[in-house]
Amino acid sequence: MMCFIGRLLSSGCGHFKKNLGAMKRYNHRVAPIIRAEPTRGLIDEQVQLEVVHLAPSQRVTLQSKLLSEDADWWEAYGHYASDSEGIVRVTRDKSHGGTYMGHEPMGLIWSMKLAPGSRPGKRLRKKDVTIPYLVIVSVYDGWISNTFDKRAALASVVLERFYMAPGITRLELKEGRTIGTMFFPPGPGPFPAVLDMWGGGGGLVEYRAALLASRGFATLALAYLGHKGVPPSLQSFDPKLYYFEEAFKTLNNHPKVSNGNIAILGLSLGFTLALMMAVELPDIHPKCLVCISGSHYHILRQGETDLPNFQFHSDKVKMTEDGSMIWRNIIFPFPDDPKLMVQVDKVQCPMMLICGQDDQNWPAPESAIEIQKIMKAAGKEHLLTSLSYPQAGHLIEPPYSPHVRESKFKMHSANKTALMDAHEHSILLLCSEKFV
C-alpha cells in the first residue's frame, strides 16, 4: 500500500511541484479588505483608509460614490500601487491619477464630481442633517477611469459622514418673527452660541450650524430669504434690521445659551448683514464676527426697504463660454460715497474675514483689502484677522466638501486647502478667549 502511494506520488511529482509553486504564489492571497477609521464620523473628520491583502506592487483603483438627496450620483477615484507588503495607505501613498493626484488623504471625498450623465449645474448640499451621507468606497484591480459598474470590486466599505453628531438636539424655531433651526450640544449648558446666516440664495440652510453644534456651540441657522413666513426672496428688508435684531436676542435669551457669548457668522449676503448688525444695532453686542465671501457694500439704501436688483446691471455682468454669469463687477469698483458702504470702522469686536482670490460671484478679495485699510486707519487693526486663499472661489464651506467650478447660483467653490484652513481658523476664533 505504501509502495503504491509512493509510486503514485512519484509519477505525479512534476504536476505536484507545479501546483506547489502556484500555491506558494497565491496561498497568502487572502481576499483584499478595506480598513477605514472611523467608519462613522463628522464631515470634518479625516478618515484613515487602507487596503490590505493585495499583491506587492499591485495597481489598484480606489473609488468613492454617494447618492445625494437630489438623487444624483457623485463619485471620485484615485490610482494607487501597493507597497512590498501588499498594502495601500491613502494617508501615506500618492494617487497616480484619477479625480485627484498626489498625496491627498481625503481626495476620495473632496474631489467628488457628478457622475457622467447627471444633471449639470448641481452642487452637493445636505438638506436633512439628521441623516448622514453614505459613502461607498471600493477597490478595483488595475488602474481604471470608467466602467466601474461593469467591473467586480475586490472589496468595499461604507462610510457614514455626519453633520449632526449623535446627542445633538435639533429644534425648529418660530418665535415672534424669528424663523430658523436651533441646535444644542448634549448637556444643560449654557453654551457659547453662533448666529449663522447664509447668502442671497435663500432658504433655510442647516448643515453648517449642525456641524458647529457638534463642536460645542449652540447655533441658530436663521432663515431670512426665500423661506415660508419670511420676506420673499430679495424683497422687503426692514432698514432698521428689526428681524435680525430679534433673532439675535432670541438666541441670546435662550436658557441654554451663555448670555452675551454670541458670535455672528455670515456668508455672502450674510457677510454684509453681519457687519450691518454689528455696526447699526446698538442694543446687540456680538463677541466676534466671522465673515465669508462678501463685501461691505451697504445692501439697503437710505430710506429704502428693498434690496437692490442687481440683475438690472447687465452691462457689468460677464458671461463665460458655457453661459455662466460672473457678477463680481456689479458693485466694483466700490462707490466713493461712504453712505453706500457699511461703516466698518465702528465694529467693536474681533472680526475674521475669509475670501477666495478667485471669487467670480462677488468682489470679496477687494472688499477685504478695503476693510483692512479702514480698520488700520481707525486704529482697530488688532481686531481684524484676514484669510485669503489663492485659486479659491465664492463658496468656502465645511472641510472636505466637494467643490465645483460653477453651479446654478454660484461660481467656483473653494479649494480643499481653503475649506480646511478657514474652518480651523473659524473654530479657533470661536473658541478663543476673545469669545468664550
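In this report, we go over the structure that sits alongside the text. Along every chain, residues carry numbers that run from 1 in the direction the sequence is written. Side-chain atom pairs in this predicted model are given and counted only at pLDDT of 80 or more, local residue features only at pLDDT of at least 70, and totals for whole chains, interfaces and linings cover all residues. Note that the side-chain values use all heavy atoms of the structure and ignore hydrogens as well as water.

### Some points on the overall build of the protein
Here's step 1: Regarding its fold elements, the protein presents eight helices and 19 strands.
Here's step 2: Every residue pair with non-hydrogen atoms within 4.5 Å of one another is taken to be in contact. Contacts spanning at least 24 positions in sequence make up 68% of the contacts within the protein whose residues lie at least 6 apart.
Here's step 3: Using the Shrake-Rupley algorithm and a 1.4 Å probe, accessible areas are obtained, with residue cover drawn only from the displayed protein chains. In the form shown here, the protein has an accessible surface area of approximately 20,500 Å², with 55% of it arising from carbon and sulfur atoms. A run of H or I in DSSP counts as a helix once it spans at least four residues, and a run of E counts as a strand once it spans at least two, with each numbered from the N terminus.

### Considering unusual backbone geometry
Here's step 1: Of the consecutive residues glutamate 37 and proline 38, the connecting peptide bond is found in the cis state with omega at 0°.
Here's step 2: Structurally, the position occupied by proline 38 is in the loop between strand S1 (33–37) and strand S2 (40–42).
Here's step 3: Following glycine 189, the chain continues to proline 190 via a peptide bond in cis, the omega torsion being 0°.
Here's step 4: Residue placement: proline 190 occurs in the loop between strand S11 (178–184) and strand S12 (191–197).
Here's step 5: Positioned with a positive phi, threonine 147 is a non-glycine residue whose angle comes to about 55°.
Here's step 6: Among the secondary structure elements, threonine 147 is positioned in the loop between strand S8 (133–141) and strand S9 (155–162).

### A closer look at the sheet that holds strand S7 (residues 113–114)
Here's step 1: Two strands form a pair only when DSSP identifies at least two bridges running between them. In spatial order, the strands read S2-S9-S8-S4-S5-S7; together these six strands make up an open sheet with mixed pairing. Edge strands, defined here as strands with exactly one partner in the open sheet, are S2 and S7.
Here's step 2: Strand direction decides the pairing type here: S2 and S9, joined by three bridges, are parallel. Paired with glycine 41 across the strands is arginine 161, a residue of S9.

### Some words on the packing of aromatic side chains
Here's step 1: Note on aromatic contacts: the rings of Phe and Tyr and the six-membered ring of Trp form a pair at centre separations within 6.5 Å, being stacked when their planes are under 30 degrees apart, edge-to-face when over 60 apart, and tilted otherwise. Overall, the coordinates contain eight aromatic pairs when judged by the stated rule.
Here's step 2: Look at tyrosine 224 and phenylalanine 244: their rings are 5.5 Å apart centre to centre, the planes differ by 65°, and that puts the pair in the edge-to-face class. Residue tyrosine 224 is located in the loop between strand S13 (218–222) and helix H5 (242–252), and its partner phenylalanine 244 is located in helix H5; the two are separated by 20 residues in the primary sequence.
Here's step 3: The cut-offs for exposure are 20% and 50% of the maximum accessible area for each residue type, with area from a 1.4 Å probe on protein chains only; residues under the lower value are buried, those over the upper are exposed, and the others partly exposed. You can call tyrosine 224 buried: its relative accessible area is 4%.
Here's step 4: Three or more aromatic residues joined by ring pairs make a cluster, and in this case those are Tyr133, Tyr163, Trp198 and Tyr207.

### Details of the side chain of histidine 79
Here's step 1: Here histidine 79 lies in strand S5 (residues 73–81).
Here's step 2: Owing to a relative accessible area of 8%, histidine 79 belongs among the buried residues under this scheme.
Here's step 3: For histidine 79, the residues in contact, after removing those within four places along its chain, are Val60, Thr61, Lys94, Ser95, His96, Gly97, Gly98, Trp143, Ile144 and Ser145.

### A few points about the sheet that holds strand S10 (residues 169–175)
Here's step 1: Read from one edge of the open sheet, eight strands run S10-S11-S13-S12-S14-S15-S18-S19, paired in mixed fashion. Pairing within the sheet leaves two strands with one partner each, and these edge strands are S10 and strand S19 (384–389). With direction set aside, neighbouring strand axes in the sheet form an average angle of 20°.
Here's step 2: The pairing of S10 with S11 spans seven bridges and is classified as antiparallel. Convention adopted: a line fitted to C-alpha atoms gives each axis, helices being fitted over their contacting stretch, and angles between N-to-C directions are expressed from 0 to 180 degrees.

### Observations concerning the nonpolar core
Here's step 1: Among buried residues, those of type Ala, Val, Leu, Ile, Met, Phe, Trp, Tyr and Cys that are joined through side-chain atoms within 4.5 Å constitute a nonpolar core. Judged by nonpolar contacts, the single largest core of 62 residues is most densely connected at Ile34, Leu49, Leu62, Val137, Phe183 and Ile354.
Here's step 2: Per-element accounting of this core gives the leading share, six residues, to helix H4 (residues 207–214).
Here's step 3: Residues Ala223, Ile262, Phe271 and Met375 belong to the second largest nonpolar core, which totals 50 residues.

### Some thoughts on H4
Here's step 1: For H4, the buried fraction is high: eight of the eight residues fall into the buried class.
Here's step 2: Burial in H4 covers these residues: Tyr207, Arg208, Ala209, Ala210, Leu211, Leu212, Ala213 and Ser214.

### Digging into the side chain of aspartate 72
Here's step 1: Topologically, aspartate 72 is positioned in the loop between strand S4 (59–67) and S5.
Here's step 2: In this structure aspartate 72 comes out as buried when scored by relative accessible area, which is 6%.
Here's step 3: With sequence-adjacent residues up to four places away left out, aspartate 72 is seen in contact with Leu66, Leu67, Leu114, Ser118, Arg119 and Lys122.

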